[in-house]
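Residue-level listing of the chains:
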Amino acid sequence: MITAIPETMSAVCLNDDGRLILCTKPVPHPGKGEVLVRMTAAPVNPSDLARIRQVKEAGGQASFIPGIEGCGTVVERGPGLLPRLWLGRRVACSAVLASSGTWAEYLVTSAANCIPLQAGISDDQGAMMLVNPMTAVAFLDIARSGRHKAIINTASASALGRMIERLAAIAKLPLINVVRNEKQKAILINTGSGNVLDSSVESFTHELQELARRLDATLILDAVGGNLTRQLLQAVPYGSSVLVYGNLSGEQPEVDHRSLVAENKKINGFYLANWLNEGGLLRKLRCIYRVRKLVKNELPIKVQRRFPLDQAQQAVDTYLGNMTTGKVLLVPPSS
Ligand SMILES: NC(=O)c1ccc[n+]([C@@H]2O[C@H](COP(=O)([O-])OP(=O)(O)OC[C@H]3O[C@@H](n4cnc5c(N)ncnc54)[C@H](OP(=O)(O)O)[C@@H]3O)[C@@H](O)[C@H]2O)c1
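Residues numbered from 1 in each chain as written. Predicted model: local features only at pLDDT ≥ 70, side-chain atom pairs only at ≥ 80, totals over all residues. Heavy atoms only, no water.

Trainee: Even after reading the chapter, I still don't get helix H1 (residues 46-58), so can you show me in this structure?
Mentor: Side chains that are three or four residues apart share a direction in an α-helix, a result of its 3.6 residues per turn. Across its 13 residues, H1 extends 19 Å between first and last C-alpha, which sits within 8% of the 18 Å expected from 1.5 Å per residue. For H1, the complete set of buried residues consists of Asp48, Leu49, Ile52 and Val55. Looking straight down H1, one finds that the buried residues subtend no more than 125° of arc, so they occupy a single side. Opposite the buried face of H1, at more than 90 degrees from it, the exposed residues are Gln54, Glu57 and Ala58. Buried residues along H1 sit against strand E1 (8-14), strand E2 (20-26), strand E3 (34-43) and helix H12 (312-321). Downstream of H1 by a residue or two, glycine 59 has a phi angle that is positive, lying close to 70°. (Helix = DSSP H or I, 4+ residues; strand = E, 2+ residues; numbered from the N terminus. Expected span 1.5 Å × (residues − 1). Buried < 20%, exposed > 50% of the residue type's maximum accessible area, 1.4 Å probe, protein only. Arc of directions from axis to C-beta. Contact = heavy atoms within 4.5 Å.)

Given below as structure tokens:
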């Protein structure tokens, strides 16, 4: 049932010191092709933290609401066919290119940024259905179209890392998991992962070189950057491709001349929204179809804790304290 829409809402915003606080904002209204979503849950992702950092640096705090993805019910619509179809439906939604964010009671976004949820998907899982599952599907697509025989992923204890592993297993594509410490290595091995390497040990580069050559792993997915990028480039076979998709170290990816020139290795960036746009409507629809099919059984994401919106700063601090434990969700008061 769609209830009356208030004039104002609670939303997370940044105070002058750059801390996350609760504030009151006008409820936005949807324009052409847009919908208003009453939010029920939204995760904290590394991309949210990067966006918050950028906004702080640019000084654009005043109008900013964080949160790139989430889940909720469409309660108002602008003109257009998709908005009409989505009205009243529970959707996974993204705030990419939207003026508001998902860490709020309401979000206005393009109807094209929403996917209706099947009955068996919880709000928590629905809230995390777009960014990581679609990226995992994209990576397997890239591996397949590039005819790679094996892939290497970094920060493999992440939610995305676990999804890449499940999809690689389904595709029977060998995967080398790189993690940053012994504890993460143990977690992965205890849950059945093979080929797990710890980048903090001295023998890492040598072990990676041996394994990458043996499996012919020529697609490298790098979420970390900094010196790890250089280590990966140097260890992998002639002609390999490194795809930088995250910057968890906060350091610029390092490269070396010999790898690029003498060994014909390539380095590129990956951003899901660009990849989807570059592939046109067909790629987007295919990706949505696969994610909807996989999300229930193959791609569940562990949640460590849920926080109300007014504890957003605590939620972020908890998440940063141990990202591997699971995702942290923000939940509006009315949910
Ligand atoms: N480019 C794109 O379109 C795209 C799309 C989706 C995701 N991503 C990226 O994918 C990555 C994983 O996202 P997620 O949501 O799956 O993350 P997540 O579940 O929150 O987990 C993050 C993982 O990274 C580890 N980590 C943190 N800092 C690290 C560092 N400096 N070196 C190595 N490991 C580190 C964490 O370990 P601890 O527990 O020890 O902190 C944790 O295991 C992020 O970089 C994200 O930005 C990119």
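Trainee: Help me out: how do you make sense of the packing of helix H4 (residues 131-145) against helix H5 (residues 159-170) in this one?
Mentor: When two helices pack together, you describe them by how their axes are tilted relative to each other and by the distance separating the axes. Between H4 and H5, whose axes approach to 9 Å, the crossing angle comes to 45°. As the angle between them shows, H4 and H5 are arranged oblique. As H4 runs across H5, the sense of the crossing is right-handed. Touching Asn132, Pro133, Thr135, Ala136, Val137, Phe139 and Leu140 of H4 are Ala159, Leu160, Met163, Ile164, Leu167 and Ala168, all from H5. Partitioning the contact of H4 with H5 into residue classes produces 11 nonpolar, two polar and no charged. (Axes fitted to C-alpha atoms, helices over the stretch in contact; angles between N-to-C directions. Parallel < 35°, antiparallel > 145°, perpendicular 65-115°, else oblique. Left-handed = near helix turned anticlockwise from the far one by under 90°. Nonpolar A, V, L, I, M, F, W, Y, C, P; charged D, E, K, R; others polar.)

Trainee: Quick question: what am I supposed to make of the pairing of strand E6 (residues 106-110) here?
Mentor: One face of the sheet, then the other: side chains in a regular strand alternate in exactly this way. Of all five residues in E6, four are buried; the element is thus mostly enclosed. As paired elements, E3 and E6 share five bridges and run antiparallel to each other. When the sheet's bridge partners are listed, arginine 38 is paired in E6 with tyrosine 106. (Pairing = 2+ DSSP bridges.)

Trainee: Where do I start with the state of the cysteines in this structure?
Mentor: Think of a disulfide as a covalent bridge from one cysteine sulfur atom to another cysteine sulfur atom. The full count for this structure, using the stated rule, is one disulfide. Across a sulfur-sulfur distance of 2.2 Å, cysteine 13 and cysteine 23 are joined as a disulfide pair. Taken as a pair, cysteine 13 in strand E1 and cysteine 23 in strand E2 lie far apart in primary sequence, 10 residues in all. Free cysteine cysteine 93: the closest other cysteine sulfur is in cysteine 114, separated by 5.3 Å. (Disulfide = S-S within 2.5 Å.)

Trainee: Is there a simple way to explain the sheet that holds strand E8 (residues 150-153) in this structure?
Mentor: Through backbone hydrogen bonds, the strands of a sheet pair up, either in parallel or in antiparallel fashion. Overall, parallel pairing links the six strands, which are arranged E10-E9-E8-E11-E12-E13 in an open sheet. The open sheet is flanked by strand E10 (196-198) and strand E13 (266-269), the only strands paired with a single partner. On average, each strand axis in the sheet is tilted by 20° relative to the strand beside it, whichever way the strands run. In the sheet, E8 pairs with strand E9 (residues 175-179) via three bridges, with the strands oriented parallel. The partner of isoleucine 151 across the bridge, within E9, is leucine 175.

Trainee: Explanation requested: the pairing of E1 in the structure shown.
Mentor: The element E1 is extensively covered by neighbouring structure, given that six of its seven residues are classed as buried. As defined by bridge partners, E1 adjoins E2 across seven bridges and the pair is classed as antiparallel. Its bridge partner lying in E2, serine 10 is registered against threonine 24.

Trainee: Just to check I follow, could you spell out the packing of helix H7 (residues 204-215) against helix H8 (residues 227-235) for this structure?
Mentor: Relative orientation of the contacting elements H7 and H8 amounts to 40°, with a least axis distance of 9 Å. The orientation of H7 relative to H8 falls into the category oblique. Crossing of H7 over H8 shows right-handed handedness. Touching Phe204, Thr205, Leu208, Gln209 and Ala212 of H7 are Leu228, Gln231, Leu232 and Ala235, all from H8. Considering only residue class, the contact of H7 with H8 consists of six nonpolar, three polar and no charged.

Trainee: Any chance you could explain the environment of glutamate 76 here in plain terms?
Mentor: By the secondary structure assignment, glutamate 76 is in strand E4 (residues 69-77). With a relative accessible area of 21%, glutamate 76 lands in the partly exposed category. Of note is the side chain of glutamate 76, whose polar atom sits 3.1 Å from the side chain of histidine 29. (Polar contact = N/O pair within 3.5 Å; in protein donor to acceptor, adjacent residues only side chain to side chain.)

Trainee: Looking at this model, I keep getting lost on the layout of surface pockets. Mind explaining?
Mentor: Vacant regions in the atomic arrangement are exposed by a probe of water-molecule size rolled over the atoms. For the second largest pocket, the calculated volume is near 250 Å³. Leu82, Trp86, Cys114, Leu285 and Ile288 are the residues nearest the centre of the second largest pocket, which is lined by 14 residues in total. Counting residues per element, the ones that place at least two in the lining of the second largest pocket are helix H2 (81-86), strand E7 (114-116) and helix H11 (280-294). Among the elements that line the lining of the second largest pocket, the one with the most residues is H11, at six residues. For the lining of the second largest pocket, the residue count by class is 11 nonpolar, no polar and three charged. (1 Å grid on protein atoms, 1.4 Å probe; cavity = no way out; pocket = protein on both sides within 12 Å on 5 of 7 lines; lining within 4 Å. Points joined across faces, edges and corners; volume = space filled by probe spheres on them.)

Take it as geometry only, folks, not as evidence of what the structure does.
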